[in-house]
Amino acid sequence: MLTARGRELDHVLGLELGADDYLSKPFNDRELMARIRAILRRSYWTEQQQIEEVSMLASLEVDSLRLNPGRQEATFDGTPLNLTGTEFTLLYLLAQHLGQVVSREHLSQDVLGKRLTPFDRSIDMHISNLRRKLPERKDNYPWFKTLRGRGYLMVSFA
């Protein structure tokens, strides 16, 4: 955040509202560049850490659905499914918790990276899209169950 407001309270408020850094005018060009480089270093490190975490995740298989997180690839009976990154992440998280209820709050935080707000229906829309895109299971069970007030459950196979 680059601003003309330089009081200590303004700095604290800006950082608490989500700014990664706070610099008030007048400022030194070299200091601004050094702060930008520091933020880019931190974001690169975080990105590399996420890539390493994904590559360590194991492939999962549910019925004939195979999820490969290293390639962000989902297949059913060898046929690739056309899922968005968010849909894949959501499906993978539910498959990791097969047979367990996962709250909408947990899904929103882990999949979308944001806190769930009272009227936020984005997780519900992604589940709806997954229901349309996933083929029928061989055991004829539904892929997901909605448990009102509790969350979603990926149905375990018989």
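These numbers were taken from a predicted model, which means no experiment stands behind them.

Cut-offs used in this document
Numbers given for residues are sequential positions, taken from 1 along each chain in its written order. With the structure being a predicted model, the display of local features is reserved for residues of pLDDT at least 70 and the display and counting of side-chain atom pairs for 80 or more, all residues being used for whole-chain, interface and lining totals. Side-chain metrics in this entry use all non-hydrogen atoms of the structure; hydrogen atoms and water are not considered. In DSSP terms, a helix is any run of H or I states spanning at least four residues, a strand is any run of E spanning at least two, and both are numbered starting from the N terminus. Here the globule rule is a power law, 2.2 Å times the number of residues to the power 0.38, and the radius of gyration is based on C-alpha atoms. Residue contacts are defined here by distance: any two heavy atoms, one from each residue, within 4.5 Å place the two residues in contact. Methods summary: accessible areas were calculated by the Shrake-Rupley approach with a probe of 1.4 Å, and residue burial reflects only the protein chains presented. Positive: Lys, Arg. Negative: Asp, Glu. His and the chain ends are not part of the count. By convention, the charge on Lys lies at NZ, on Arg at CZ, on Asp at CG and on Glu at CD. One speaks of a salt bridge when a side-chain nitrogen belonging to Lys or Arg is within 4 Å of a carboxyl oxygen belonging to Asp or Glu. Relative accessibility decides the category of a residue: with a 1.4 Å probe and only protein chains considered, values under 20% of the type maximum give buried, values over 50% give exposed, and everything between is partly exposed. Strands were regarded as paired on the criterion that DSSP finds at least two bridges between them. Between N-to-C directions, angles span 0 to 180 degrees; the directions come from axes that are lines fitted to C-alpha atoms, helices contributing only their stretch in contact. Here is the rule for angles: anything less than 35 degrees is roughly parallel, anything more than 145 is roughly antiparallel, 65 through 115 is roughly perpendicular, and the remaining ranges are oblique. Ten residue types, Ala, Val, Leu, Ile, Met, Phe, Trp, Tyr, Cys and Pro, are classed as nonpolar, four, Asp, Glu, Lys and Arg, as charged, and the remainder, Gly among them, as polar.

Participant: Help me get a handle on the overall build of the chain, residues and values and all.
Facilitator: A count of helices and strands for the chain gives 5 helices and 9 strands. Each helix (α) and strand (β) of the chain, taken in turn from the N terminus, gives the series β-α-β-α-β-β-β-β-α-β-α-α-β-β. For 158 residues, the compact-globule estimate of 2.2 N^0.38 gives 15 Å, and the C-alpha radius of gyration of the chain, at 21 Å, exceeds that figure by more than 25%. In terms of principal-axis extent, the alpha carbons of the chain reach across some 65 × 35 × 20 Å. Residue pairs at least 24 apart in sequence account for 41% of intrachain contacts in the chain once pairs closer than 6 positions are excluded. Surface accessibility of the chain: about 10,800 Å² in total, with carbon and sulfur atoms responsible for 52%. Separation between the mean location of the 22 positive side-chain charges and that of the 21 negative ones in the chain comes to 4 Å.

Participant: Talk me through the pattern of salt bridges; I want residue IDs and the actual numbers.
Facilitator: In total, this model carries 12 salt bridges according to the counting rule given. The shortest N-O distance in the salt bridge between glutamate 31 and arginine 35 comes to 2.8 Å. Within this pair, glutamate 31 and its partner arginine 35 are both found in helix α2 (residues 29-56), separated by 4 residues, close to a single helical turn. Residue classification places arginine 35 among the partly exposed residues on the basis of a relative accessible area of 26%. Beyond isolated ion pairs, a larger network of salt bridges with shared partners links Arg5, Arg7 and Asp10.

Participant: Describe the sheet that holds strand β4 (residues 65-68), and please don't skip the residues or the numbers.
Facilitator: Here 4 strands make up an open sheet; going across it, the order is β3-β4-β5-β6 and the pairing antiparallel. Where the open sheet ends on each side, the last strands, each with one partner, are β3 (60-62) and β6 (79-80). Packing of helix α3 (residues 85-96) onto the sheet brings it into contact with β3, β4 and β5 (73-76), and relative to β4 it is tilted by some 110°.

Participant: How would you sum up the sheet that holds strand β9 (residues 151-154)? Please name residues and give values.
Facilitator: Read from one edge of the open sheet, 3 strands run β7-β9-β8, paired in antiparallel fashion. Lying at the two open borders of the sheet, with one neighbouring strand each, are β7 (101-102) and β8 (144-147). Note that β8 and β9 share 4 bridges and pair antiparallel. Residue pairing across strands places leucine 147 opposite glycine 151, the latter belonging to β9.

Participant: Residue-level account of the pairing of β9, with values.
Facilitator: As defined by bridge partners, β7 adjoins β9 across 2 bridges and the pair is classed as antiparallel. Each bridged residue has a counterpart across the sheet, and for valine 101 the counterpart in β9 is leucine 153. Counting the residues in the hairpin turn of β8 and β9 gives 3 residues, including glycine 149, whose phi is positive at 80°.

Participant: How would you explain the environment of serine 59 if you had to name every residue and give the values?
Facilitator: Assignment of secondary structure puts serine 59 in the loop between α2 and β3. Between the alpha carbons of serine 59 and glycine 70 there is a distance of 8.1 Å; along the sequence they are 11 residues apart. The contacts of serine 59, once residues within four sequence positions are left out, are Arg66, Leu67, Asn68 and Pro69.

Participant: Requested: an account of unusual backbone geometry, with residues and values cited.
Facilitator: A cis amide bond links lysine 25 with the next residue in sequence, proline 26, at an omega value of -10°. One non-glycine residue, aspartate 63, adopts positive backbone phi at about 55°. Within the secondary structure layout, aspartate 63 lies in the loop between β3 and β4. Of note, glutamine 72 is a non-glycine position whose phi angle comes to about 50°, a positive value. Tracing the backbone shows glutamine 72 in the loop between β4 and β5.

Participant: Now, about the packing of helix α4 (residues 104-112) against helix α5 (residues 122-133): what can you tell me, with residues and values included?
Facilitator: The contact between α4 and α5 brings their axes to 10 Å, and the two run at 80°. When the interaxial angle is binned, α4 and α5 end up roughly perpendicular. In contact with Arg104, Leu107, Ser108 and Leu112 of α4, α5 contributes Ser122, Ile123, Asp124 and His126. Here the contact of α4 with α5 is composed, by residue class, of 3 nonpolar, 3 polar and 2 charged.

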